[in-house]
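A structural walkthrough
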Amino acid sequence: MRALSRSLNLLVEKYLPNAFLFALVLTIVTLILGMTIGSQSLPEMAEHWYGGFWGFLEFGMQMVVVLVTGYALAKAPPVNRLLTRLAGVPKTQLAALVMAMVVSAAFGIISWGLGFVGGTLVAIEIARRVKVADFRLLVAAAYTAVIATQPVSLALTAPLLVNTPGHSLEDEIGLIPVTETLYSPTMISAAVFGFLGVLVAFILMAPKGRDVVPFSGPDDARETADAGSVSRDSTVSDRINNSRIINYLIVILGLIGIITYFVAQGFNLELNIINFIFLIVGIALHGSPAKYAECITDGIPAASGIVLQFPFYAGIVGMMGGAGLIVLIGEWFASSSTDATFPLFAYISAMIVNIFVPSAGGQWQVQGPVLLESISTMNVSAATVVNAVSVGDMTTNLLQPFFVLAALGLSGLGLKDIWGYCMTAMVVLMVIGSTIFLLVPVLGW
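Presented here is an overview of the structure given in this document.

Looking only at helices and strands, the protein chain features 22 helices and zero strands. The C-alpha atoms of the protein chain give 22 Å as radius of gyration, which agrees with the globular expectation for 445 residues (22 Å, within 12%). Here the C-alpha coordinates of the protein chain stretch approximately 75 × 55 × 45 Å along the principal axes. Across the 445 residues of the protein chain, 53% fall into the buried class. Taking the contacts inside the protein chain whose residues are at least 6 apart along the sequence as the reference set, 81% of them involve residues at least 24 apart. For the protein chain, the distance from the average position of its 19 positive side-chain charges to the average position of its 25 negative side-chain charges is 21 Å.

Bringing helix H16 (residues 304-322) into the picture now. In this model H16 runs 28 Å from its N-terminal to its C-terminal C-alpha over 19 residues, within 8% of the 27 Å that 1.5 Å per residue would give. Roughly 30 degrees is the biggest bend found in H16, and it falls at phenylalanine 310, with proline proline 311 one to four residues downstream. Just downstream of H16 lies glycine 324, where phi reads positive at about 75 degrees.

A few words on the packing of helix H18 (residues 342-356) against helix H22 (residues 415-443). In contact at an axis separation of 7 Å, H18 and H22 are set at 150 degrees when each is read in the N-to-C sense. Seen from H18, the contacting residues are Pro343, Leu344, Tyr347 and Met351; seen from H22, they are Leu429, Met430, Gly433, Ser434, Phe437, Leu438, Val440 and Pro441. Of the residues contributing to the contact of H18 with H22, the split by class is ten nonpolar, two polar and no charged.

Under the counting rule described, the total for this entry stands at three salt bridges. Put simply, glutamate 125 and arginine 128 hold a salt bridge, and the shortest N to O gap is 2.8 Å. In this pair, glutamate 125 and arginine 128 are both assigned in helix H7 (residues 112-129), three residues apart and thus about one turn of the helix distant. With a shortest N-O distance of 2.9 Å, arginine 129 and glutamate 125 are connected by a salt bridge. Highlighted residues: arginine 129 and glutamate 125, both in helix H7, separated by four residues, approximately one helical turn. By relative accessible area, which is 4% here, glutamate 125 ends up buried.

On to the packing of aromatic side chains. Inspection of every chain in the model, using the stated rule, returns 17 aromatic pairs. Aromatic side chains phenylalanine 20 and phenylalanine 312 sit 5.3 Å apart centroid to centroid with 75 degrees between the ring planes, which places their arrangement in the edge-to-face category. Placement of phenylalanine 20 in helix H2 (residues 19-36) and of phenylalanine 312 in helix H16 is noted, with a sequence separation of 292 residues between them. With a centroid separation of 6.3 Å and 50 degrees between ring planes, the pair formed by tryptophan 49 and phenylalanine 312 is classed as tilted. Of this pair, tryptophan 49 sits in helix H3 (residues 42-53) while phenylalanine 312 sits in helix H16, placing them 263 residues apart in sequence.

Where nonpolar side chains cluster on the molecular surface, the patch consists of Tyr183, Ile188, Val192, Phe193 and Leu196 and spans about 450 Å² of accessible area. Positionally, leucine 196 belongs in helix H11 (residues 185-205).

This next bit is on unusual backbone geometry. Non-glycine residue serine 39 carries a positive phi angle of around 55 degrees. For serine 39, the position within the fold is in the loop between H2 and H3.

A word on the nonpolar core. Counting 137 residues, the largest nonpolar core has Met101, Ile126, Leu138, Phe202, Phe342 and Trp364 as the members making the most contacts within it. Element by element, the count of residues in this core is highest for H22, at 14 residues. Beyond its immediate chain neighbours, meaning those up to four positions away, methionine 101 contacts Ala141, Ala145, Phe195, Val198, Leu199 and Phe202.

Further remarks concern the side chain of threonine 27. As for its position among the elements, threonine 27 is in helix H2. Look at threonine 27 and you get buried, because its relative accessible area is 10%.

What follows is about the environment of leucine 443. Within the element layout of this structure, leucine 443 appears in helix H22. Given a relative accessible area of 44%, leucine 443 falls into the partly exposed group. For the pair formed by leucine 443 and valine 139, sequence separation is 304 residues and the distance between their alpha carbons is 36 Å.

What follows deals with the environment of glycine 266. Tracing the backbone shows glycine 266 in the loop between helix H13 (244-265) and helix H14 (271-286). On the basis of relative accessible area, glycine 266 is assigned to the partly exposed category, the value being 29%. On a C-alpha basis, the gap between glycine 266 and isoleucine 306 in space is 30 Å, while along the polypeptide they are 40 residues apart.

What counts and what doesn't
Numbering of residues starts from 1 in each chain and follows the order in which that chain's sequence is written. Reporting in this predicted model follows two pLDDT cut-offs: at least 70 for local features of residues, and 80 or more for side-chain atom pairs to be given and counted; totals over whole chains, interfaces and linings ignore these cut-offs and use all residues. Values reported for side chains reflect all heavy atoms of the structure, with hydrogen atoms and water molecules removed beforehand. Only DSSP runs of H or I with at least four residues qualify as helices, and only runs of E with at least two residues qualify as strands; both kinds are numbered from the N terminus onward. It is over C-alpha atoms that the radius of gyration is taken, and the globule rule equals 2.2 Å times the number of residues to the power 0.38. When a residue's accessible area, from a 1.4 Å probe over protein chains only, is under 20% of the maximum for its type it is buried; when over 50% it is exposed; and in between it is partly exposed. Contacts are assigned to residue pairs that have any heavy atoms within 4.5 Å of one another. Positive charges are assigned to Lys and Arg, negative charges to Asp and Glu, while His and the chain termini are left out of the count. For this purpose, a charge sits on NZ of Lys, CZ of Arg, CG of Asp or CD of Glu. For a helix, the expected span equals 1.5 Å multiplied by the residue count minus one. We define the bend at each residue as the angle formed by axes fitted to the 7 residues ending at it and the 7 residues starting at it. To obtain each axis, a line is fitted to C-alpha atoms, and for helices this fit is confined to the stretch in contact; angles are then taken between N-to-C directions over 0 to 180 degrees. Each residue is assigned to one class: nonpolar for Ala, Val, Leu, Ile, Met, Phe, Trp, Tyr, Cys and Pro, charged for Asp, Glu, Lys and Arg, and polar for all the others, Gly among them. In what follows, salt bridge is the name for a side-chain nitrogen of Lys or Arg lying within 4 Å of a carboxyl oxygen of Asp or Glu. Two rings from Phe, Tyr or Trp (for Trp, the six-membered ring) form a pair when their centres are within 6.5 Å of each other. A pair whose planes differ by under 30 degrees is stacked, one over 60 is edge-to-face, and the rest are tilted. Residues form patches when they are more than 30% accessible in relative terms and have no salt bridge. Like charges link within 9 Å. Nonpolar side chains (Val, Leu, Ile, Met, Phe, Trp, Tyr) link within 5 Å. All accessible-area figures derive from a Shrake-Rupley calculation using a 1.4 Å probe, and residue coverage is judged against the displayed protein chains alone. Only buried Ala, Val, Leu, Ile, Met, Phe, Trp, Tyr and Cys residues count toward a nonpolar core, and they belong to the same one when joined by side-chain atoms within 4.5 Å.

Dropping the structure here:
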């Protein structure tokens, strides 16, 4: 396993472009597929591309807010002290790896946004203290742990969507309770075995001796954690900027908004409420508007990759949908399957589509109806389709750099630094996922 990951790392160091170039290459590949398989002309593909180019503006801004508010929350003095204590527990690379993956997985089960940001920050803090641990390994492992446990995440898109009254397919499949999706034997098995599988894989991949690349940043970059510093309010404007009264009036208003949301919506965690909670709790913990604004400013550069690359992925989604490529992939796999093989083929098709459409919600809206239509003559449940698409989408997130941009921005690493580890872990998840969905019809899950 270590030899495989090392070989992949050497390969990507030589040939893999940076994450932005990956998006551009994928754009060209999609263009070619649309013109050949999709029978579209160049002007038509350009129209599809531009038509979808700004489709991720809302989602992109949500991800930026996830990243910067998560950064500010982690840099708040009380949270920073907690992270410091957690990071101070491991003394060996093995202990550091297990701690980073377990904490990241716990965050990810609550929300993938929290997992990607919080997990990366925990990995950074651990790597800063455990010099015998490979920094690249810890960041890759933290990200992978979140991916592996997504089948039971409270914020997993498709299962929540099909359990929401008024969803687009309610007339065809009704409402599917989360007991048949998130908390089904299929998804629980995928999360448990997936996490254990990638944990073992990272333990086996861990570099030894001279191959270890430790954290090379400053030993203590947590200026915002200096709880002992007291700002001197020398002017009226300084006193206003650091006003605790204004700060906590906003916090009280925010808490009322959060309580009102959960009373009306129940425990429905989605990106907007996660971001709002991060924002309000961060403001409360920093203690003043000026300190919070300064920390947000410090976190903004880490979001540059998201701002630049998300529109290009939205354009790819536009081309995939406009050229009918998503439908073609779904129909091809459906026509080649039987009742016994359909769950496996649905899982594989979701993995392929996710490379081009790295948005779980967008992928389900386009691919879901095609697969659901295919099972109309089969003895396969709609919940199985939801589960297969969700886990397939999750698996190739280790290949597609769309969601890892937050981790790269926070850690300062490049895609090639962690991609070899992620690719090896993806192979492990593919074996586990394929086995589970091949057994679904046999076990009656």
